[in-house]
Amino acid sequence: MPGSASAAPNAANKAALAAEAVLGINNGLLYGNQMEVQSIGAPFAELLGKATGQKMIWDGSFDAKSAQTGSGSFQFAFIKPPNQTALLLAKGWKLVAVAKDSIGFGTDLVALPCPGKPGEIALGGQSLAVLGLTKQVPATCVPIAQVWTSPSAVMLSVENSLVEHVGKKMWKEHNAHAAPIQAQVKSQDAVVGLMEQMHTAVIGAVTPVFSKQLTARGGVLLQHQPMPFWALIAAPNTPAEQIDAARAALLGASAERLNRTLKITGWEVGSPKAYADFLKWLKS
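## Quick look at the state of the cysteines
As used here, a disulfide is simply a covalent bond connecting the sulfur atoms of two cysteines.
Part 1 of the reasoning: Applying the stated criterion to the full structure yields one disulfide.
Part 2 of the reasoning: Note that Cys-114 is cross-linked by a disulfide to Cys-141, the S-S spacing being 1.8 Å. On the sign convention where negative is left-handed, the bridge of Cys-114 and Cys-141, at about 70° about the S-S bond, is right-handed. With Cys-114 in the loop between β6 (106–113) and β7 (120–123) and Cys-141 in strand β8 (residues 140–143), this pair connects stretches of sequence that are 27 residues apart.

This is the structure:
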């Protein structure tokens, strides 16, 4: 899903576009939301184009694979999932700047309280029928400390997402011998929606934006795992002066429009080590 700072590029000009710099965008779990990516791509490409003095277009289908197999025209990439950032930094990409984290970015495990039993959460039972599981899961209420060993624990997450992988890793740190039953849906909205509207007694794995929706209405936060925040990185062959120009633009007043779009307060230099450490923890 390519675009430019002002308009989507004409397919007939494909050869000309090869000579233009490209900003890749990986929007994480909102990857398929074209309006979301468009709202990010346009002001970001405009900001970087002015900072570097060259034509900058954007491509909303960027990932670690396309960075390696593409035409080589990717000069910058804005990435939300920190594992993708870590993978590319390990391949020689350079960290330009990191968005300031005002939301406590990470993965949360959330659950529903057990009615009439303060300090305990509800698990299993007929509420799980909507998930189409192949086995029956007995209904129970357990204290939070016993969640990790309960045979009624079912983790509901977005299939094959980073949040799902982090949620499984979080679980293993409590119980390395038994994983929860897995159930998947297509979006974090669906995770929270099933828990909130259908009272589905599962352990939801979501990002804080969604967990706060649930806990504001009585849900229980079991655990929060911090993750490094969104980053702009530069391809290995990007000249140092262009990296410096891009960083200065993000750290300065010219980024105010972009910051409002991203709903962040600004940018900081950040550290590549934070991403390397996160990926090492995730894979350990």
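From this point, the discussion proceeds with the structure in view.
## Observations concerning the confidence of the model for the protein chain
Part 1 of the reasoning: Per-residue confidence for the protein chain gives a mean pLDDT of 90, with 90% of residues at or over 70.
Part 2 of the reasoning: In this model, residues 4–18 is a region of pLDDT below 50 whose contacts with residues beyond four sequence positions or in other chains number 19 contacts.

## Concerning the packing of aromatic side chains
Part 1 of the reasoning: Under the counting rule described, the total for this entry stands at eleven aromatic pairs.
Part 2 of the reasoning: Taking the centre distance of 5.1 Å and the plane angle of 45° together, the rings of Phe-44 and Phe-78 count as tilted. Taken together, the positions of Phe-44 in helix α2 (residues 34–52) and Phe-78 in strand β4 (residues 74–79) put the pair 34 residues apart, joining distant regions of the chain. Take Phe-44 and Phe-78: they sit in the same class, and that class is buried.

The rules we used
- Residues numbered from 1 in each chain as written.
- Predicted model: local features only at pLDDT ≥ 70, side-chain atom pairs only at ≥ 80, totals over all residues.
- Heavy atoms only, no water.
- Disulfide = S-S within 2.5 Å.
- Helix = DSSP H or I, 4+ residues; strand = E, 2+ residues; numbered from the N terminus.
- pLDDT = per-residue confidence, 0-100.
- Contact = heavy atoms within 4.5 Å.
- Phe/Tyr/Trp six-rings, centres within 6.5 Å; stacked < 30°, edge-to-face > 60°.
- Buried < 20%, exposed > 50% of the residue type's maximum accessible area, 1.4 Å probe, protein only.

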